[in-house]
Amino acid sequence: MGLAQSRQQRDHRGGPQAQEGQALLLPEVRGWPAQPLVMPLAFNTHPDLSRGVPGEPAMEWSVTPTGAGLGSGSTAHGRAGRQVRLGTQHPELSRAIRGPYVVPMVYLSPSQLQKVGACEVGDWQGQFQEDGFLVLEGFLSADECVTMQERISEIVAKMDVPLHCQTEFSTQEEEQLKAQGSTDYFLSSGDKIRFFFEKGVFDKEGNFLVPPEKSINKIGHALHALDPVFRCVTHSPKVQALARSLGLQMPVVVQSMYIFKQPHFGGEVTPHQDASFLYTEPLGRVLGMWIALEDATLENGCLWFIPGSHTSGVSRRMVRAPAGSAPGTSFLGSEPARENSLFVPTPVRRGALVLIHGEVVHKSEQNLSDHSRQAYTFHLMEASGTVWSPENWLQPTAELPFPPLYT
């Protein structure tokens, strides 16, 4: 099963409703295979779910319908409450639970994840297929986030970037071609850990105008392979379980980035599709996993999406120029003008994971707040039956072929 499912396959409406505090066991979802759902949906977790339930194992759940004592539970773009509340014993989660509910995944051990039966795949996978993105709150614990932040601080402290490699990162097309496409430092970063800087952080002589640790836009693109901390997170049982629940058969990791979104001047990321830069044939084989290591808010530059925009193909492509050509990349096609009203904000809490379809249009605004918005993100490709475009700027190398996700 790939990343594309028809709406007919997701026709799972109807069925009995749960009452507050009542366990519910429903039939399996029509049209979906009875594969285990090893990573349940988390969607805007209510504060009541941030605490464990004393004396009760994490697999004891009950369904709470919208508005029944847990507050609105709505996301910023108005999706109604989708909640599961810990506390009342549920006989088993081997059947479908109607409706996309919040599940605090931080309480699930790997063994518990394997015990989650065919929970309604259509609810959250269907939501992902319909919107092209999905929020999984509580994917990482606070301690796991801190470990990654501490490790990146160690990497930054040892940063030594030659003057001619001080590349400013941009998502504006002309600036991309000038600042990235013309430098081998960017084009050869797919199997290395390299540093890319915010605009305006250097003077004419290349000296930092701000503290070096505040100057970095992102670090890429092989943290997942070359650093043990990020490799452990990328290939963790939770990530592998999530990929399996999406039906990925042979996922490989193509790139990874640590994004800083610095306070006061963290750069805007203009509307784009990841497949513009990570193109495959057929389309629909690239999946982004974006993990918030700090709260992502409207003020500090959370992600914005156009729901459903992943169904119209790719509007432009960044392609690598022939060897020896300058600039090193060019664009085919162009981004169409899009109404701002089409975008919905997606603020998330620290530890949340956002699934991003390779063709969904998304962006983030400049961070003018006092708080950074750090995130770790990596991209998977379903390698089975997929051709990675030889024109992509990012190419596997003999030193680092795209590593399989499953270990």
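Use the structure listed above.
Below: a short report on this structure. Everything numeric here is computed off the predicted structure, so don't read it as measured data.

Each value, and the rule that gives it
Residues numbered from 1 in each chain as written. Predicted model: local features only at pLDDT ≥ 70, side-chain atom pairs only at ≥ 80, totals over all residues. Heavy atoms only, no water. Helix = DSSP H or I, 4+ residues; strand = E, 2+ residues; numbered from the N terminus. Buried < 20%, exposed > 50% of the residue type's maximum accessible area, 1.4 Å probe, protein only. Core = buried A, V, L, I, M, F, W, Y, C linked by side-chain atoms within 4.5 Å. Contact = heavy atoms within 4.5 Å. Phe/Tyr/Trp six-rings, centres within 6.5 Å; stacked < 30°, edge-to-face > 60°. Lys NZ or Arg CZ within 6 Å of the ring centre and 35° of its normal. Pairing = 2+ DSSP bridges. Axes fitted to C-alpha atoms, helices over the stretch in contact; angles between N-to-C directions.

## Side note on the environment of Q129
Part 1: By the secondary structure assignment, Q129 is in helix α2 (residues 121-131).
Part 2: Take Q129: its relative accessible area is 10%, and that puts it in the buried class.
Part 3: In this structure the C-alpha to C-alpha distance between Q129 and H310, which are 181 residues apart in sequence, comes to 8.8 Å.

## Here's the deal with the nonpolar core
Part 1: Counting residues in each nonpolar core, the largest one holds 57 residues, and the members touching the most others are F195, I219, M289 and L355.
Part 2: Element by element, the count of residues in this core is highest for helix α3 (residues 142-157), at five residues.
Part 3: Those residues in contact with I219, other than ones at most four positions away along the chain, are I152, I155, V156, I193, R194, F195, S256, M257, Y258 and F260.
Part 4: Of all hydrophobic cores here, the second largest spans 17 residues; its members include F133, I259, A296 and C302.

## A word on the environment of M148
Part 1: Within the secondary structure layout, M148 lies in helix α3.
Part 2: As a C-alpha pair, M148 and Y376 span 228 residues in sequence and 8.5 Å in three-dimensional space.

## Points about helix α8 (residues 237-245)
Part 1: Buried residues dominate α8, accounting for seven of its nine residues.
Part 2: If you check which residues of α8 are buried, you get K238, V239, Q240, A241, L242, A243 and S245.
Part 3: At the exit of α8 stands G247, carrying a positive phi of roughly 85 degrees.

## Here we look at the packing of aromatic side chains
Part 1: Inspection of the entire model under this criterion finds 13 aromatic pairs.
Part 2: Where F202 meets F208, the ring centres are 5.0 Å apart and the plane angle is 45 degrees; that geometry is what we call tilted.
Part 3: The class for F202 is buried, based on a relative accessible area of 13%.
Part 4: Positioned over the ring face of Y279 is R317, at 3.9 Å from the centre of the ring.
Part 5: In this arrangement the basic side chain of K363 is found over the ring face of F343, its NZ or CZ atom lying 4.4 Å from the centre.

## Points about the sheet that holds strand β15 (residues 362-364)
Part 1: Taken in spatial order, the four strands of this open sheet run β7-β15-β10-β13, and their pairing is antiparallel. Pairing within the sheet leaves two strands with one partner each, and these edge strands are β7 (269-272) and β13 (344-346). Between one strand and the next, the sheet's axes are offset by a mean angle of 25 degrees, whatever the strand orientation.
Part 2: In the sheet, strand β10 (residues 303-305) pairs with β15 via three bridges, with the strands oriented antiparallel. Following the sheet pairing, W304 is matched in β15 by K363.

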